[in-house]
Amino acid sequence: MTQADTSRLTLGHLAGGVRRMAPLSLFVIVFGLAFGVAALQQGLSGLETLLMSGLVFAGAAQFATLELWGEAIPLVPLVAITLAINARHLLMGAAFYPHLRDLPAGRRYASLILLSDANWAMAMGGRSKPERLGILVGGGFALWTAWMIGTGLGVAFGSGIGDPERFGLDAIMGCFLLAMLVGDKRDLSVLLPWGAAAMAALAAMAWLPPHAHVIVGALAGGLVGLLLPPRRKEATR
């Protein structure tokens, strides 16, 4: 098989990526609904909420920025929080680069527009470059579509939900992060950065100005994860 063949992305690969990500997309709809409701409660208009979800497509960062939203938006802390939470995409993109380097620059960067934790992790387990690209792009499109559908439902019905806590919508973000933590049973080392992030965030909530805990927790967890030694299991293969 030639180099061009190994990097050729077809509609079949994209459809396969959509199918692989379809079960998780159902949960993303609920997650997006919770964001739509929370955004309306925070004072965003329906159009602003939909634009944020469509252009940003970063659930955790979007929820975090809602904490700072108001009549006067602190732009520097908002940008810092977004960068801290999404800094992991730098490592994810670097890890996936070997599967993209044969593509032209335009297609290479376009393939990463819908990069998220879920389609990246699943794409890394693909058996060939076309399959990995199909999961990354097709799966990313499935997740983005589900996110937009959920946000739209939240915007459509959020104004009629006066008490989101009654339906447990305020707990969806925490449940999502907890599922990410306990779902990785193969590598217990993830407990170290998560634990460091939690402890640092709690300390920042007690002793630092409001909203600083988001940045402090993200930086602490990222720093501990960076200092962890590489897994030997990869080296022995």
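Presented here is a report on the structure given in the accompanying data block. Given the structure is predicted, the values throughout are model-derived calculations rather than measurements.

Thresholds, definitions, all that
- One numbering rule holds for all chains: residues counted from 1, following each sequence as written.
- In keeping with the predicted nature of the model, local features appear solely for residues at pLDDT of at least 70, side-chain atom pairs appear and are counted solely at 80 or more, and the whole-chain, interface and lining totals rest on all residues.
- Hydrogen atoms and water are omitted, and side-chain values are computed over all heavy atoms in the structure.
- Two axes are fitted around each residue, one to the seven residues ending there and one to the seven starting there, and the angle between them is reported as the bend at that residue.
- Per the convention used, a helix needs a DSSP run of H or I reaching at least four residues, while a strand needs a run of E reaching at least two, with both numbered from the N terminus.
- Throughout this description, buried means an accessible area under 20% of the type-specific maximum (1.4 Å probe, protein chains only), exposed means over 50%, and partly exposed covers the range between.
- Here the aromatic set is Phe, Tyr and Trp, taking the six-membered ring for Trp, and pairing holds for ring centres within 6.5 Å; pairs whose planes are under 30 degrees apart are stacked, those over 60 apart are edge-to-face, and all others are tilted.
- Here a cavity denotes grid points, spaced 1 Å and computed from the protein atoms alone, that fit a 1.4 Å probe unable to get out, and a pocket denotes an open set having protein on both sides within 12 Å along at least 5 of 7 lines; residues with an atom within 4 Å of a point are the lining.
- Grid points are joined across faces, edges and corners, and a volume is the space filled by probe spheres set on the points.
- Each residue is assigned to one class: nonpolar for Ala, Val, Leu, Ile, Met, Phe, Trp, Tyr, Cys and Pro, charged for Asp, Glu, Lys and Arg, and polar for all the others, Gly among them.

Attention shifts here to helix α2 (residues 11-41). Taken as a whole, α2 carries its principal kink of about 55 degrees at A22; the proline P23 stands between one and four residues after it. Within the span of α2, buried status applies to G16, G17, M21, S25, V28, F31, G32, A34, F35, G36, V37 and A39. Following α2 by one or two positions, G43 has its phi on the positive side, about 110 degrees.

Before going further, it helps to examine the packing of aromatic side chains. Inspection of the entire model under this criterion finds six aromatic pairs. Judged by centre distance (5.3 Å) and plane angle (10 degrees), the ring pair of F31 and F63 falls under stacked. In this pair, F31 is assigned in helix α2 and F63 in helix α4 (residues 59-66), connecting sequence segments 32 residues apart. A residue is classified by how much of its surface remains accessible, and F31, at 4% relative accessible area, is buried. The structure contains a cluster of three or more aromatic residues connected by ring pairs, namely F27, F31, F35, F63 and W147.

A word on the layout of surface pockets. For the second largest pocket, the calculated volume is near 220 Å³. Considering the residues around the second largest pocket, the lining is formed by G54, L55, V56, F57, A58, N86, H89, L112, I113, L114, L115 and W144. Residue contributions to the lining of the second largest pocket peak at three residues, all from helix α3 (residues 46-56). Of the residues in the lining of the second largest pocket, the class split is nine nonpolar, three polar and no charged.

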